[in-house]
Amino acid sequence: MFDRRLLYSFDWGFLIIVFTLCFVGGLTLYSVVEAEGFLFNRNIYIKQLIWYGSGFVIAIIIFFFNYKLFDKLAYIIYGLSIILLICVLIFGKHVAGARRWIDLGFFSFQPSEFAKIGLIIPLAKHYAKTSDSEGLTFSKLVKPLTLTLLPFFLIARQPDLGTAMLLVLIAGSMTIFVKIEKKTFSVLVAAGAVISPIIWFFLKDYQKLRVFTFLSPERDPLGTGYHIIQSKIAIGSGMLAGKGFMEGKQNALLFLPEHHTDFIFSVIAEEWGFIGSIAILFLFLLLIFWGFNIAYSCRDSFGAILCVGVIIMITWQVVVNIGMTMGLMPVVGIPLPFISYGGSSVLTVMIGVGILLNVSMRGFMYE
Amino acid sequence: MNLNIKNSDIGWHKKRVEKAAILILAAFFVLIIRLFYLQVIKGEKFEELSRNNRIRLQQIPPIRGLIYDRDGKLLVDNRPSFDISIISKDAAPLKQTLANLARYINIPADHLMEKIKKEKGIASYKPIVLKTDIDRDMLAAIEVNKFNLPGVVLTVSLKRNYIYEDCAAHLIGYLGEIGAAKLKDKKYSDFKPGDFIGKFGVEKKYEDFLRGKRGGRQIEVNAKGQMIKVLNTVKAKLGDNLYLTINLPLQLKAEELLKNKAGAIVAINPNTGEILAIASSPAFNQNDFVKSMSHHKWRSLIENKLKPMVNKAVQGEYPPGSVYKIITAAAALEEGIINPETKFRCSGKLQYGNRTYRCWKKKGHGAIKVEDAIAESCDVFFYEIGQRLGVDKLAKYAKAFGLGIPTGIELDSEAAGLVPTSTWKKRKIGRNWQSGETLSVSIGQSYNLTTPLQIAVMTAAIANGGIRYKPIIVKKVCEADGTVIKYNASQATGRLPISDYTINIIKNGLFKVVNSGRGTARLIFFPKIAISGKTGTSQVASSKEEDEDVVKEYHLRPHAWFAAYAPSDNPEIAVSVFVEHGEHGSRAAAPLAKEVIKQYLSEKEMPDLRR
């Protein structure tokens, strides 16, 4: 069953980009942990290394199966991710007022991370069948809408509005990518414009307030607003060349919140300056374009849409996360792919890498 | 990429991939522009801000709500207290600064250093409190010498101030530092170590209202840690104000009456259930809890045999003595065992089985009917009817009168008291009920236990014609601007299971207690106000033969009770007085009730005289 041609056409270039990003992540985590010394549990970078390792193993395993298998198993994968999301609402452990984690003892994982892949696969399957040059019409949008809203509501209930919105962004972008029929599109936009104020009218005051702080953190100067100021100081004070590895003061003085997870980019920008930050951005851009090239070259609709879905997921996370640390985006708990600390985030993005490699490798089958 | 791209039928997506790539390029372009702006254009400014971490967060603690009496007289407010803190990062050289500071605040420098180390405040921007509530002289000395005290910060905090020391201490309660266990609880997420929280009484029960909400501000400081400007402020939300149901002059009167005694006084408005006064003696000084209390003082409070920390009105359980006869009489009338004219002969004692049960009056009362038996508190009459009722029927009525169950007052650890029944004894003690014991129960002895509050609620129910109200201690809660956010309306918890006819007979008896020549409380007869009531003297030691002439040791003396309401025909106040080991209800408790009633009704008639 194993085809030797798979090895010849292995996409080394893509793998090197991924390695580099993981290396940057490990290095930054080291800086964060060492800067805090006694305050931080050192074994967190050991843990992160284990996750990188397991992530690569998963990517390789995925790579050996033909991605057509995802087409067949699409709804089973979707169903599993939904079951996990329901489990987290029932058995999940409470952290800071939300249930987002399932504790397995050695590892607590976040089903909402896996739910992204769990949604991308069935959407790709559906769109591969239904899309045509005219674009999608209403009847073809009912199913993807349902597929998206179910996990959306489950994640919003945890509550994790950030990840829930990200799910909608991914699904929406995929839909626009496969093209919506013009008339349908304009009706949808008009409907959105009419419905939003109505929903707004029915929201309770405290819910409105939450949306306001979500959109503009300056309204909460003692919480997220303060985090944003500290993050901006960290990034800005890196200036052109940065303060140097392990020299980040904002990081060392603990003024930066969540600096090993959601705000890790601020640490990079402080220590490596504008030059280093640009380099990271280019690395991500290279990864994204490489991924697009895989989709571009792919010769079946499912594979192409699947790749685009994964790329869209990574792109939104990079843009939202980095935008957030610079005060351009609302503060939401969305990790920076490959770099932020966290098992679920690393494993999910590695599953994405496995899918891209998989599609990339199987171009020869059409030759 | 080494794939040969052939023409294919599904090339539709290629154009769209190109478009998507352009959009993404644009998004990254925005990120790069932003990076350039933050790091290159504004870099110097942020670098400057970062050097000493110039942007800091300061807490604004909320101001705790005030507590008033029912007429708006202020009982509890907050007073400013000056605290000295240090930010060790700003205090360089730290040792020298501490040595300077030590001279002004009379704490050795090494003690200060230890304190900072303990709070992990070395090399930190976190302010560490070194001394709280300093006096004016110290404050002046530090202000004047500020120049050689870098990093030393004077802050004003508000401390709770109980205006009338000892007043309603058990009702209002006190504050204490929040414990470590609560700090971990999500419910208390707004609290920080060192914050004060209600620990007792209304301060605890209404914590959520009184507390308010913490605010804070972002400030920019200079290299010395001094504030340059305020960037952003979130105002603290003021705590809500409480209006208690008590009447301050009446409360003070009740406490004065209990001075140098152990006991409790509860006064209730019988038509609403509002508590007008609730005193427990001895009390404690709430202000002692505001400053950190010395170990010695705390021990003396805890070890005091008179239990100043216990709210005797609510937590104390005592046999009700003859006050219970109200229930026995009501039950017998209602069950048809007697009618108002039924008489029993009292010869001073009753032979029952092989025991002799005595009446308090050795000579006996002769033939006596129910009204007079209440007025003269004839024990034999109640032995007779109690024995005919049986303990379980008595218990049924006692429970309906509110005994044996908490009244539902909004205070912690309310005692339920005890209403004995035959099954209760079997279960709890393991022996069968002896019918002789019923005789003791019917005069409020034996296993009976009640709280002074239960007696007050029961008396109020008789006074108002039969409705038991839940006692209310907080009339309303108002926001700082006066908006009422919670109003405690009266709430009936039950009805006495007796007819108006029966109530009137009981009331006649209670009237005669004070107003007839033979009533046990005739000493407190007051021509201006008709008072009704019932005396009680409850034995502490076992009900063996007792020689009345020997002065007993304090802890063996009987408790004195008096339950009263006034004016008799249209009651406006119901009072229960309990004096621990006070010996005689008529002499130790009844005069106190009279004073409380006089105070309240004269105050009501002439409300403006005092102002």
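Residues numbered from 1 in each chain as written. Chains lettered and ligands numbered in written order. Predicted model: local features only at pLDDT ≥ 70, side-chain atom pairs only at ≥ 80, totals over all residues. Heavy atoms only, no water.

Peer 1: I tried to follow the overall build of chain B on my own but got confused; where do I start?
Peer 2: Of regular secondary structure, chain B possesses 22 helices and 23 strands. Sequence-distant contacts, at least 24 apart, represent 70% of the contacts inside chain B between residues at least 6 apart. For chain B, the exposed area adds up to about 29000 Å²; of that, 51% sits on carbon and sulfur atoms. (Helix = DSSP H or I, 4+ residues; strand = E, 2+ residues; numbered from the N terminus. Contact = heavy atoms within 4.5 Å. Areas by Shrake-Rupley, 256 points an atom, 1.4 Å probe, with all protein chains shown as cover.)

Peer 1: Could you clarify how one ought to interpret the overall build of chain A in this entry?
Peer 2: For chain A, the count of helices and strands is 14 helices and three strands. Out of the 367 residues in chain A, the part that is buried amounts to 55%. The long-range share in chain A, meaning contacts at least 24 apart out of those at least 6 apart in sequence, stands at 75%. By element, 72% of the accessible surface of chain A is carried by carbon and sulfur atoms, the whole surface being about 15600 Å². (Buried < 20%, exposed > 50% of the residue type's maximum accessible area, 1.4 Å probe, protein only.)

Peer 1: Looking at this model, I keep getting lost on the sheet that holds strand β1 (residues 93-95) of chain A. Mind explaining?
Peer 2: Two strands in a sheet stick together by hydrogen bonds in their backbones, pointing the same way (parallel) or opposite ways (antiparallel). Residues and elements named next belong to chain A. The strand order β1-β2-β3 describes an open sheet built from three strands, whose pairing is antiparallel. Each having just a single partner strand, β1 and β3 (108-109) make up the two edges of the open sheet. Across two bridges, the pairing between strand β2 (residues 98-103) and β3 is antiparallel. Across the sheet, the residue bridging to D103 is S108, located in β3. (Pairing = 2+ DSSP bridges.)

Peer 1: Honestly, the nonpolar core in this entry has me stumped. Any pointers?
Peer 2: As a rule of thumb, soluble globular proteins bury nonpolar side chains together. Counting 129 residues, the largest nonpolar core has F381, F401 and F562 of chain B as the members making the most contacts within it. For F401 of chain B, the residues in contact, after removing those within four places along its chain, are I326, I327, A330, M458, I462, R468, L496, P497 and I498 of chain B. Residues Y67, F152, L167 and M174 of chain A belong to the second largest nonpolar core, which totals 116 residues. (Core = buried A, V, L, I, M, F, W, Y, C linked by side-chain atoms within 4.5 Å.)

Peer 1: Help me understand the packing of helix α13 (residues 301-325) of chain A against helix α1 (residues 13-41) of chain B in this model?
Peer 2: Helix packing geometry: the angle between the two helix axes and the distance between the axes. Taken N-terminus to C-terminus, the directions of α13 of chain A and α1 of chain B make an angle of 10 degrees; their axes are 11 Å apart at the nearest point. Viewed along their axes, α13 of chain A and α1 of chain B adopt a mutual orientation that is roughly parallel. Note on element contacts: α1 of chain B touches α13 of chain A through H13, V17, I24, A27, F28 and L31 of chain B, opposite A304, V308, T315, V318, V319, I322 and G323 of chain A. (Axes fitted to C-alpha atoms, helices over the stretch in contact; angles between N-to-C directions. Parallel < 35°, antiparallel > 145°, perpendicular 65-115°, else oblique.)

Peer 1: What is the right way to read helix α10 (residues 224-237) of chain A from this model?
Peer 2: Each turn of an α-helix holds 3.6 residues, which means side chains three or four residues apart point in the same direction. Residue and element names in this part refer to chain A. Under the 1.5 Å per step criterion, the end-to-end length of α10 is 20 Å for 14 residues, consistent within 8% with the ideal 20 Å. Summarising burial for α10: ten of the 14 residues are buried, a large majority. Taken as a whole, α10 has its buried residues at G225, Y226, I228, Q230, S231, I233, A234, I235, G236 and S237. Following α10 by one or two positions, M239 adopts a phi angle in the positive range, close to 50 degrees. (Expected span 1.5 Å × (residues − 1).)

Peer 1: Can you help me understand the interface of chain A and chain B in this one?
Peer 2: Each side of the interface is counted separately: chain A has 64 residues, and chain B has 47 residues. Inspection of the chain A/chain B interface yields zero salt bridges. Viewed at the interface, chain B and chain A are joined by eleven residue pairs in polar contact (both at pLDDT 80 or more). Those elements that place two or more of their residues in the side of chain A that touches chain B are α7 (161-178), α10, α11 (249-252), α12 (264-297) and α13 of chain A. With 18 residues, the single largest contributor to the side of chain A that touches chain B is α12 of chain A. In terms of residue class, the side of chain A that touches chain B is built from 38 nonpolar, 18 polar and eight charged. (Salt bridge = Lys/Arg side-chain N within 4 Å of Asp/Glu carboxyl O. Polar contact = N/O pair within 3.5 Å; in protein donor to acceptor, adjacent residues only side chain to side chain. Nonpolar A, V, L, I, M, F, W, Y, C, P; charged D, E, K, R; others polar.)

Peer 1: Explain the pairing of strand β3 (residues 74-86) of chain B to me, please; I cannot follow it from the model alone.
Peer 2: On any regular strand, side chains alternate: one points to one face of the sheet, the next to the other face. All names here are of chain B. In the sheet, strand β2 (residues 67-68) pairs with β3 via two bridges, with the strands oriented antiparallel. Its bridge partner being in β3, I67 is matched across the sheet by V76. If you look at the hairpin formed by β2 and β3, you'll find five residues sitting between the two strands, and G72 has a positive phi there, around 85 degrees. By the bridge criterion, eleven bridges tie β3 to strand β5 (residues 152-162) in an arrangement that is antiparallel.

Peer 1: Sorry if this is basic, but what is going on with the environment of N232 of chain B here?
Peer 2: Relative to the helices and strands, N232 of chain B is located in strand β9 (residues 227-234). N232 of chain B sits in the partly exposed class, given a relative accessible area of 27%. The residues touching N232 of chain B, leaving out its near neighbours within four places in the chain, are P221 of chain A together with G216, R217 and Q218 of chain B.

Peer 1: Any chance you could explain the sheet that holds strand β8 (residues 215-221) of chain B here in plain terms?
Peer 2: Spatial strand order, β1-β8-β9 (chain B): three strands in an open sheet with antiparallel pairing. In this open sheet, the two strands that pair with only one neighbour each are β1 (55-60) and β9 of chain B. Neighbour-to-neighbour, the strand axes of this sheet turn through a mean angle of 30 degrees, independent of strand direction. In this sheet, β8 of chain B lies alongside β1 of chain B in antiparallel orientation, the contact comprising six bridges. Counted as the bridge partner of Q59 of chain B is G216 of chain B from β8 of chain B. Along the sheet, α10 of chain A contacts β1 and β8 of chain B; its crossing angle with β1 of chain B, the most-contacted strand, is approximately 165 degrees.

Peer 1: How do you make sense of the environment of A140 of chain B when you look at a structure like this?
Peer 2: Residue and element names in this part refer to chain B. By the element assignment, A140 lies in helix α5 (residues 136-144). You can call A140 partly exposed: its relative accessible area is 39%. A sequence separation of 36 residues divides A140 from Y104, and the C-alpha atoms of the two residues are 9.7 Å apart.

Peer 1: What's the story with the pattern of salt bridges in this structure? I'm lost.
Peer 2: Pairs can form between side chains of opposite charge once their charged atoms are near each other. With the rule as written, the count across this model stands at 28 salt bridges over all chains. Put simply, R64, R160, E203 and E207 of chain B are held in one network by salt bridges that share partners.

Peer 1: When you look at the packing of α13 of chain A against helix α14 (residues 343-361) of chain A in this model, what are you seeing that I'm missing?
Peer 2: All names here are of chain A. Closest axis-to-axis distance for the α13/α14 pair is 10 Å, and the angle between their directions is 145 degrees. Regarding α13 and α14, the two cross each other, and that crossing is left-handed. Residue-level inspection shows G303, L306, C307, V310, I311, M313 and I314 of α13 in contact with α14, the latter providing T348, V349, G352, I355, L356 and V359. Of the residues contributing to the contact of α13 with α14, the split by class is ten nonpolar, three polar and no charged. (Left-handed = near helix turned anticlockwise from the far one by under 90°.)

Peer 1: I'm lost on the state of the cysteines in this one. Help?
Peer 2: Here a disulfide denotes a covalent bond joining the sulfur atom of one cysteine to the sulfur atom of another. Counted according to the given criterion, the structure contains zero disulfides over all chains. C378 of chain B takes part in no disulfide bond, and the closest cysteine sulfur, belonging to C346 of chain B, lies 3.7 Å away. (Disulfide = S-S within 2.5 Å.)

Peer 1: Explain the packing of aromatic side chains here, please?
Peer 2: When we look at a pair of aromatic rings, we describe it by the centre distance and by the angle of the planes. Residue and element names in this part refer to chain B. A full pass over the atoms with the stated rule returns 28 aromatic pairs over all chains. Look at F344 and F381: their rings are 5.4 Å apart centre to centre, the planes differ by 75 degrees, and that puts the pair in the edge-to-face class. Taken together, the residues span a long stretch of sequence, with F344 in strand β13 (residues 343-346) and F381 in helix α16 (residues 379-389) at a distance of 37 residues. Between Y357 and Y383, the ring centres sit 5.7 Å apart and the planes meet at 65 degrees, which makes this aromatic pair edge-to-face. Of this pair, Y357 sits in strand β15 (residues 355-358) while Y383 sits in helix α16, and the two are 26 residues apart along the sequence. In terms of burial, Y357 and Y383 fall into one category: buried. (Phe/Tyr/Trp six-rings, centres within 6.5 Å; stacked < 30°, edge-to-face > 60°.)

Peer 1: Is there a simple way to explain the confidence of the model for chain B in this structure?
Peer 2: The predicted coordinates ought not to be read in detail in places where the model reports low pLDDT. All names here are of chain B. On average, residues of chain B score 87 in pLDDT, and 93% of them are at 70 or above. Per-residue pLDDT stays below 50 along residues 1-9; that stretch engages in 18 contacts with residues further than four places along the chain or on separate chains. Here residues 607-611 is a poorly scored stretch, pLDDT under 50, and it has two contacts once near neighbours within four places are set aside; other chains count. Overall fold confidence for the complex sits at a pTM of 0.69, while the interface term, ipTM, reaches 0.92. (pLDDT = per-residue confidence, 0-100.)

Peer 1: Sorry, what's going on with helix α5 (residues 111-130) of chain A here?
Peer 2: Look at α5 of chain A: 29 Å from first C-alpha to last across 20 residues, which is about the 28 Å you get at 1.5 Å a residue. Where burial is concerned, most of α5 of chain A is hidden: 18 out of the 20 residues are buried.

Peer 1: What is the right way to look at unusual backbone geometry in this model?
Peer 2: If a residue is not glycine, its phi is most likely negative; likewise, a peptide bond is most likely trans. For the bond from Q158 of chain A to P159 of chain A, the omega torsion is -5 degrees, close enough to zero to count as cis. Tracing the chain through its elements places P159 of chain A in the loop between α6 (138-156) and α7. A cis amide bond links A566 of chain B to the next residue, P567 of chain B, at an omega of -15 degrees. Within the fold, P567 of chain B resides in the loop between β22 (559-566) and β23 (573-579). The backbone of D166 of chain B shows a phi angle near 75 degrees, a positive value even though the residue is not glycine. Note on placement: D166 of chain B falls in the loop between β5 and α6 (169-172). Accessibility expressed as a relative area gives 35% for D166 of chain B, which makes it partly exposed. Residue S446 of chain B is not a glycine yet carries a positive backbone phi of 60 degrees. Among the structural elements, S446 of chain B can be located in the loop between α19 (435-442) and α20 (452-463).

Peer 1: Mind showing me how you'd approach a positive patch on the surface here?
Peer 2: Together, K179 and K182 of chain A together with K15 and K19 of chain B line one region of the surface with positive charge. With respect to the helices and strands, the residue K15 of chain B is situated in helix α1. Accessibility expressed as a relative area gives 61% for K15 of chain B, which makes it exposed. (Patch = residues over 30% accessible without salt bridge, like charges linked within 9 Å, V, L, I, M, F, W, Y side chains within 5 Å. Lys, Arg positive; Asp, Glu negative; His and termini not counted. Charge placed at Lys NZ, Arg CZ, Asp CG, Glu CD.)

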